[in-house]
Amino acid sequence: PPSLMLPPPPTSTQVAGRRQRQMCIRDSIRLGQIENFLGQPAEALRWTNRALQISPREPRAGSAYFSAALSNALLGNDEEVMRFARKSLSAGFKAYFPYTYLASSLAHLGRVPEAQEVLHQMHMNYPNISIASLYSNRRSDNPIYLAKWQRYFAGLRLAGLRER
């Protein structure tokens, strides 16, 4: 039988290039999040798209998809919010945020029963989430961000998320 040939170990240049790409992806995602918190969702999408273009199968893709969902929520693009929130959940992003953005957008589109089901799924893993808890855990006090975020809360109220 032919002997098994192992591939040669990666060169230091290959390892350095891989690390540099990983840092660029992480930093692009983070810069997108910062732009969102400054109330600049269109700019945030540019950073998020950059991260996903560098590596579409990035292990942190769930975080990038969530950032894109947030950006689209701030822009009022409900169909895109739903697409990216679902991608974030499918990629294994472990947090309640994608559920809340998905529920809010579904409610804004008049799909309240679906929004309520999403909130029910969320509450199985995150039972203490409410409007008050989301607001108290906000990432920014920027007035532009907070003004745009009010639409998100309106959708969650439509979906039936409790106030406290």
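Quantities reported herein were computed from a predicted structural model and do not represent experimental measurements.

Moving on: the packing of helix α3 (residues 61-75) against helix α8 (residues 143-159). In contact at an axis separation of 8 Å, α3 and α8 are set at 90° when each is read in the N-to-C sense. By the angle between their directions, the pair α3 and α8 is classed as roughly perpendicular. Only Y145, K148, W149 and R151 of α8 make contact with α3, whose side of the interface consists of L70, A73 and L74.

As a further point, take the side chain of S71. Mapped onto the elements of the fold, S71 is located in helix α3. Setting aside chain neighbours within four positions, we find S71 in contact with N36, P41, A44 and L45.

The description of an aromatic ring pair rests on the distance of the ring centres and on the angle between the ring planes. In the structure shown here, the tally under the stated rule is 13 aromatic pairs. Here the aromatic rings of Y101 and Y152 are separated by 4.2 Å at their centres, their planes lie at 15°, and the arrangement is stacked. Of this pair, Y101 sits in helix α5 (residues 97-108) while Y152 is found in helix α8, placing the two residues 51 residues apart along the sequence. As far as the burial class goes, Y101 and Y152 line up, both buried. Plain terms: the ring middles of Y152 and F153 are 5.2 Å apart, the flat faces sit at 50° to each other, and that makes the pair tilted. A relative accessible area of 3% means that Y152 is categorised as buried. Grouped by ring-pair contacts, the aromatic residues F37, F66, F93, Y96, F97, Y101, Y126, Y135, Y145, W149, Y152 and F153 constitute a single cluster. Over the ring of F84 we find R83; its NZ or CZ atom is 4.3 Å from the centre of that ring.

What counts and what doesn't
- Residues numbered from 1 in each chain as written.
- Predicted model: local features only at pLDDT ≥ 70, side-chain atom pairs only at ≥ 80, totals over all residues.
- Heavy atoms only, no water.
- Axes fitted to C-alpha atoms, helices over the stretch in contact; angles between N-to-C directions.
- Helix = DSSP H or I, 4+ residues; strand = E, 2+ residues; numbered from the N terminus.
- Parallel < 35°, antiparallel > 145°, perpendicular 65-115°, else oblique.
- Contact = heavy atoms within 4.5 Å.
- Phe/Tyr/Trp six-rings, centres within 6.5 Å; stacked < 30°, edge-to-face > 60°.
- Buried < 20%, exposed > 50% of the residue type's maximum accessible area, 1.4 Å probe, protein only.
- Lys NZ or Arg CZ within 6 Å of the ring centre and 35° of its normal.

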